[in-house]
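The primary structure of each chain is shown beneath.
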Amino acid sequence: MASPSQQLPPGWTAEWDPASQRYLFIQPSTGRSQWEVPTSVSAQPIDNAPSGSPPPSMTHHTKRRQYAAGQTQVYYGAGDALGDQYGAPGMQQQQQQQPQQPAATGQLFTPGLAGEGGFAGQQQAQQPSYYAPQQEPQYINAPGFGQEPAYHPPNAPIHHLTDQFGQMGVGAKPLHLTTTNLLTSPPDPRELVRPPPEIRLPPNACITPSPYANSDPSYQRCTMNAIPTTSSLLNKSKIPLGLVITPYRTVKEGEPPVPVVNDTVIARCRRCRTYINPYVQFIDNGNRWRCCMCSMSNEVPQLFDWDQIRNQPGDRWARDELNHSVVEFVAPTEYMVRPPQPAVYVILIDVSHTAVQSGMVATATRTILENLDRIPNEDERTKVAIIAYDTSLYFFSMPPGTTESTMLVVSDVDDVFLPKPTDLLINLTEARQSLESLLGRINDMFQDNHTVGSAMGPALQAGFKLMAPIGGKIMVLSSSLPNIGAGVLKNREDLKILGTSKESGLLQAASPFYKTFAIECSRAQVSVDMFLFSAAYQDVASLACLPHYTSGQTYFYPAFNAARSEDAIKFAHEFGEVLAMPIMLEAVMRVRASKGLRMASFHGNFFVRSTDLLAMPAVPTDQSYAIEIQIEDTLTQPFVVMQTAVLHTTCHGERRIRVITLALPTTSSLTEVFASADQVAIATLLANKAVERSLTHKLEDARDAVHQRLVEILSSYKSSMTSAGAGANAQLAISENLKMLPVLVLGLLKNVGIRQSAQIPPDLRAYAQALLTSLPSQTLIPYIHPTFYSLHNMSPEAGTVGEQGVMLPIPLPLTSERLERHGLYLIEDGQTIFLWVGRDAVPQLVMDVFNLPNYEVLRGGKTTLPVLDNDFSQRVNAIIQKIREMRRGVYYPHLYLVKEDGEPPLRLWALSCLIQDRADVLPSYQQFIGQLKDKVNGANNY
């Protein structure tokens, strides 16, 4: 065989890789390596731009602002003295089209840098001089973090359908693997909003050409979109195999609703109980179907080809379960142990002195009153009860048809009983008048309450007794540490053990009551939501046990004070959304997979009832779960199927089964395993595993485990996918689709949930951990990798309405090197929004945004921006509004104004979001990458 080098372009060499039995092609000048034979085109530096970048002819010339990036430029290699160190699009084209420009400005494109050309439409834009002394490019809307690719409707443009056919294996070819050198490719935040690697199924895997046949990643995504055929191949890659599932995610405007099969014809495999889906095969002239998981042959129900509504022959190929990966079946009676339960809400309101004085009671009762029409009640069976508590319990009897209510006081909290058998849990429709009257009076009733203390445990027991025969949701509003009756907690906040190996003890429940009571609730189909408001220690770690085991959610409002309008608005918005939220009741979830795969461990808010059955008394929308998968036997089939089934009752009284099906090809190629890895799903799974390890071991162990897993992935990639030859130790190689994984891991290591620090109060850490294990990927990724925008020089389109709503600025890398003293910046993580104002901000900018004369009179802290009669103010407000609305979930982030020379704690909090900077003992991204390089090279050199 002739040596490949005889046909190679200049600057490329070929080395035989004995492990893979194939040639590896290397470009020594850049350290780049690839399996494909390089062509003269691919030899050009422009090819180092990320896949998906347009060819040079499609990229507009842009003039970039100059940033004082200092060491960044040195670290990442030579860059243009006028250019952006993070890679400017179209620079080569600029050189070609404008040869008259002097060459003395230096290299205009740095090979290996993250190009911005993948986001077309960037043009030159002039800004008002007081916002920016230079120019910034325009863009076509780059979506914010976590915005998911929308479904394509059936009449979508042909290229969308072509993409979908590609996913179904029509003309499928192996995924292309592109190696990136992390040392010369700084993180580009826009990488995180790109869809995961394409799913390339073999031809004819799917029986219909539907574009919805495979699961959208917002419902279910896997850490790799090509499954290794053996566990040894999986172990070699070191990539964890797992599913991230958000079975009941919200359906936003413009997205198709989940189709519902109403005829109660449900075809399931007789052996493995898999639901029929687009990946089965019809055999025996269409009279039988072969299961895609266990290959069992099953009869096709006769009614499959009959339209019961029209009472005439039907088209089976039009059935939703054969065309959609996410579908709901209306369940027949055999899926019911009892008639479908109504929605039941028992609201426990702390009315102690602290709670009343903070304004929590008034805000809560007003919010309930304002949202009574939004509480799910389509079938008019919804039941509601209000129980107030301090050191005693206060029940309210509300006879239907009147405006009267009677308060019944129970002072014996050691042996809780219900003071009246009826009219405590009332039908929302029938007793609406008395409920409205009561809600208007509760705050006045307890206005002068000077009782200090909390019998929350007994209140929970009372709420449980009230609803246990039916099931439903308990919402607990608490402003202080429970200190009377069952579930008593003590202040165990000890500053001396923060940052030590004993700190993880503060993150575990202090009392066994909360876990045992939660499991009792789970058996009775009762879910618990916690709303916590205390200004002092409240033991969030113990109280969050209740939502954790009952599929509820924890909401935390530290030092809540309704006198601050921002506090009242945030709580009222989130509480109102929770009240109005459609929920799944009395649900159980099971995930099935093709033969050879097994669900090994489960992460999230639920109780594992048997080996793989997850009990969820009331599933809120947008709650996420992570499941680790083991490969037990060699996978011989060309593709595997994973199917999540959630049997539940809707909040309007209908028993249904939601089925989510994901089909993925199998591969025996390590190259394809790496090329198919989904960095967002991996980061989500690692976050869940880190929190669990911090509770069973120590926080330090959790951090070490995450860090070690990243080192192992990089080491495996280096040893398997790159040559150990020339320049190997001078780079840190990873596949293009995983190049944001290191910065995501760094963000996770710097997250409040597991960060190394002696300054984080246990309540804040416990709440952060609750978020890390329940947020869907779309909200979790910005929580560990915040978004950073420059507002003072954003393009004219930013903040205006485009085809997909308000357009956002281009996100910046998370480093303070991008902060300029005259600038206005926005940093947000989905929970908090910071507006950073540089100390040299000109008076006109301050006037246009804050309606104040100059920087000196600005005050930092929680704020609400005025909407002023100028274009810039309206655009900034539109961006903030868009950020609050664009993600799934009920959260309404606070807005903080941060002055560059303002209060140190607030400044440090905002700067901690810039995770590429060094902070305390935590490394900068450059240092982190350097440490990884040393460990990876060390691991490969002994």
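Residues numbered from 1 in each chain as written. Predicted model: local features only at pLDDT ≥ 70, side-chain atom pairs only at ≥ 80, totals over all residues. Heavy atoms only, no water.

A. Here's a closer look at the overall build of the protein chain. When its secondary structure is counted, the protein chain shows 22 helices and 39 strands. Across the 942 residues that make up the protein chain, the buried fraction comes to 61%. Within the protein chain, contacts between residues at least 6 apart in sequence are counted, and of these 76% link residues at least 24 apart. Per element, the accessible surface of the protein chain, about 35900 Å² overall, is 51% carbon and sulfur. (Helix = DSSP H or I, 4+ residues; strand = E, 2+ residues; numbered from the N terminus. Buried < 20%, exposed > 50% of the residue type's maximum accessible area, 1.4 Å probe, protein only. Contact = heavy atoms within 4.5 Å. Areas by Shrake-Rupley, 256 points an atom, 1.4 Å probe, with all protein chains shown as cover.)

B. Structural detail: the layout of surface pockets. When its volume is computed, the second largest pocket comes out at roughly 1500 Å³. If you go around the second largest pocket, you meet 50 residues; those closest to its centre are Val752, Arg755, Leu764, Trp909 and Ser912. Breaking the lining of the second largest pocket down by element, the ones donating at least two residues are helix 12 (565–580), helix 17 (762–772), helix 18 (777–784), strand 38 (861–862), strand 39 (894–899) and helix 21 (904–911). With five residues, the top contributor of residues to the lining of the second largest pocket is helix 21. For the lining of the second largest pocket, the class distribution of residues is 27 nonpolar, eleven polar and twelve charged. (1 Å grid on protein atoms, 1.4 Å probe; cavity = no way out; pocket = protein on both sides within 12 Å on 5 of 7 lines; lining within 4 Å. Points joined across faces, edges and corners; volume = space filled by probe spheres on them. Nonpolar A, V, L, I, M, F, W, Y, C, P; charged D, E, K, R; others polar.)

C. Representation of the pattern of salt bridges. Summed over the entire model, instances satisfying the criterion amount to 34 salt bridges. In this structure, the salt-bridge partner of Asp539 is Arg492, at a minimum N-O distance of 2.9 Å. With Asp539 in the loop between strand 23 (526–532) and helix 10 (540–543) and Arg492 in the loop between strand 22 (472–478) and helix 9 (513–523), this pair connects stretches of sequence that are 47 residues apart. Taken together, the salt bridges that share partners define one network made up of Glu191, Arg194, Glu736 and Lys739. (Salt bridge = Lys/Arg side-chain N within 4 Å of Asp/Glu carboxyl O.)

D. Representation of the packing of helix 6 (residues 360–370) against helix 7 (residues 432–445). Running from N to C, helix 6 and helix 7 point in directions that differ by 165 degrees, and their axes come no closer than 8 Å. With respect to each other, helix 6 and helix 7 are oriented roughly antiparallel. The way helix 6 lies across helix 7 gives a crossing that is left-handed. Contacts from Val361, Ala362, Thr365, Ile368 and Leu369 in helix 6 reach Glu436, Leu439, Ile442 and Asn443 in helix 7. In the contact of helix 6 with helix 7, the residues fall into six nonpolar, two polar and one charged. (Axes fitted to C-alpha atoms, helices over the stretch in contact; angles between N-to-C directions. Parallel < 35°, antiparallel > 145°, perpendicular 65-115°, else oblique. Left-handed = near helix turned anticlockwise from the far one by under 90°.)

E. A look at the nonpolar core. Within the largest apolar cluster, 216 residues are counted, with the highest numbers of intra-cluster contacts made by Ile227, Val346, Ile386, Leu460, Phe531, Phe575 and Met642. Here this core gets nine residues from one element, more than from any other, and that element is helix 15 (residues 699–721). Counting residues in each nonpolar core, the second largest holds 26 residues, with Leu845, Leu858, Leu865 and Ile883 among its members. (Core = buried A, V, L, I, M, F, W, Y, C linked by side-chain atoms within 4.5 Å.)

F. The pairing of strand 19 (residues 393–397), seen in detail. Counting buried positions along strand 19 yields five of five residues, so the element is predominantly enclosed. Side-chain alternation along strand 19 places Leu393, Phe395 and Ser397 on one buried face and Tyr394 and Phe396 on a second face that is also buried. Bridging between strand 18 (residues 383–389) and strand 19 involves three bridges; their strand directions are antiparallel. The residue of strand 19 that forms the bridge with Tyr389 is Leu393. Linking strand 18 back to strand 19 in an antiparallel pair, the connection comprises three residues. (Pairing = 2+ DSSP bridges.)

G. Highlighting the packing of aromatic side chains. As enumerated under the stated definition, the model contains 24 aromatic pairs in all. A centroid spacing of 5.3 Å and a plane angle of 15 degrees characterise the contact between Phe513 and Phe517, whose relative ring orientation is stacked. Of this pair, Phe513 and Phe517 both sit in helix 9, four residues apart, which is roughly one turn of that helix. Accessibility expressed as a relative area gives 4% for Phe517, which makes it buried. Each ring, one from Phe533 and one from Phe560, has its centre 5.3 Å from the other, and the planes form 75 degrees; the classification is edge-to-face. With Phe533 in the loop between strand 23 and helix 10 and Phe560 in the loop between strand 24 (554–556) and helix 12, this pair connects stretches of sequence that are 27 residues apart. Given a relative accessible area of 3%, Phe533 falls into the buried group. You can call Phe560 buried: its relative accessible area is 6%. Members of the aromatic cluster, joined through ring pairs, are Phe531, Phe533, Tyr555, Tyr557, Phe560, Phe571, Phe575 and Tyr891. (Phe/Tyr/Trp six-rings, centres within 6.5 Å; stacked < 30°, edge-to-face > 60°.)

H. Region of interest: unusual backbone geometry. A positive phi angle is found at Asn204, which is not glycine, with a value near 65 degrees. You can see Asn204 is positioned in the loop between strand 6 (179–181) and strand 7 (220–222). The exposure class of Asn204 is exposed, given its relative accessible area of 70%. Although it is not a glycine, Lys238 sits at a positive phi angle of roughly 70 degrees.

I. Main features of the environment of Tyr212. If you trace the backbone, Tyr212 turns up in the loop between strand 6 and strand 7. A relative accessible area of 11% places Tyr212 in the buried class.

J. Structural context of the pairing of strand 39. Extensive coverage of strand 39 is indicated by the burial of six of its six residues. Side chains His894, Tyr896 and Val898 project from strand 39 onto one buried face, and the interleaved Leu895, Leu897 and Lys899 project onto a second face that is buried too. As paired elements, strand 37 (residues 832–837) and strand 39 share six bridges and run parallel to each other. The residue of strand 39 that forms the bridge with Leu835 is Leu897. The pairing of strand 38 with strand 39 spans two bridges and is antiparallel. Residue pairing in the sheet places Lys862 in a bridge with Tyr896 of strand 39.

K. The arrangement of a nonpolar patch on the surface in detail. A cluster of nonpolar side chains, Met407, Val409 and Met445, forms an exposed patch at the surface whose accessible area comes to about 230 Å². With respect to the element layout, Met407 can be found in strand 20 (residues 406–410). (Patch = residues over 30% accessible without salt bridge, like charges linked within 9 Å, V, L, I, M, F, W, Y side chains within 5 Å.)

L. Representation of the sheet that holds strand 37. Across the sheet, which stays open at both edges, the five strands sit in the order 33-36-37-39-38 with mixed pairing between neighbours. In this open sheet, the two strands that pair with only one neighbour each are strand 33 (787–790) and strand 38.

M. Representation of helix 18 within the structure. Most of helix 18 is tucked away: eight of the eight residues are buried. All of the buried residues along helix 18 are Ser777, Gln778, Thr779, Leu780, Ile781, Pro782, Tyr783 and Ile784.

N. Representation of the side chain of Asn225 in the model. The residue Asn225 is located in the loop between strand 7 and strand 8 (227–228) in this model. Of note is the side chain of Asn225, whose polar atom sits 2.6 Å from the backbone oxygen of Pro197. Apart from the residues within four sequence positions on either side, Asn225 is in contact with Pro196, Pro197, Glu198, Ile199, Leu664, Pro665 and Ser676. (Polar contact = N/O pair within 3.5 Å; in protein donor to acceptor, adjacent residues only side chain to side chain.)

O. Here's a closer look at the environment of Leu812. For Leu812, the location among the structural elements is in the loop between strand 35 (805–806) and strand 36 (824–828). Apart from residues no more than four positions distant in its own chain, Leu812 is found in contact with Pro189, Phe788, Tyr789, Ser790, Arg818 and Tyr825.

P. Spotlight on the sheet that holds strand 12 (residues 288–290). With antiparallel pairing, the three strands of this open sheet are ordered in space as 11-12-13. One side of each edge strand has no neighbouring strand; the edge strands of this open sheet are strand 11 (281–283) and strand 13 (297–299). The average angle at which neighbouring strand axes cross in this sheet is 35 degrees, direction not considered. The pairing of strand 12 with strand 13 spans three bridges and is classified as antiparallel. Within strand 13, the residue paired with Trp289 across the bridge is Asn298.

Q. Geometry of the environment of Asp390. Along the chain, Asp390 falls in the loop between strand 18 and strand 19. Look past the residues within four positions of Asp390 in its chain and what remains in contact with it is Val351, Ser352, Asn449, Thr451, Gly453, Ser454 and Ala455. A polar contact of 2.9 Å, which involves the side chain of Asp390, links it to the backbone nitrogen of Ser392.

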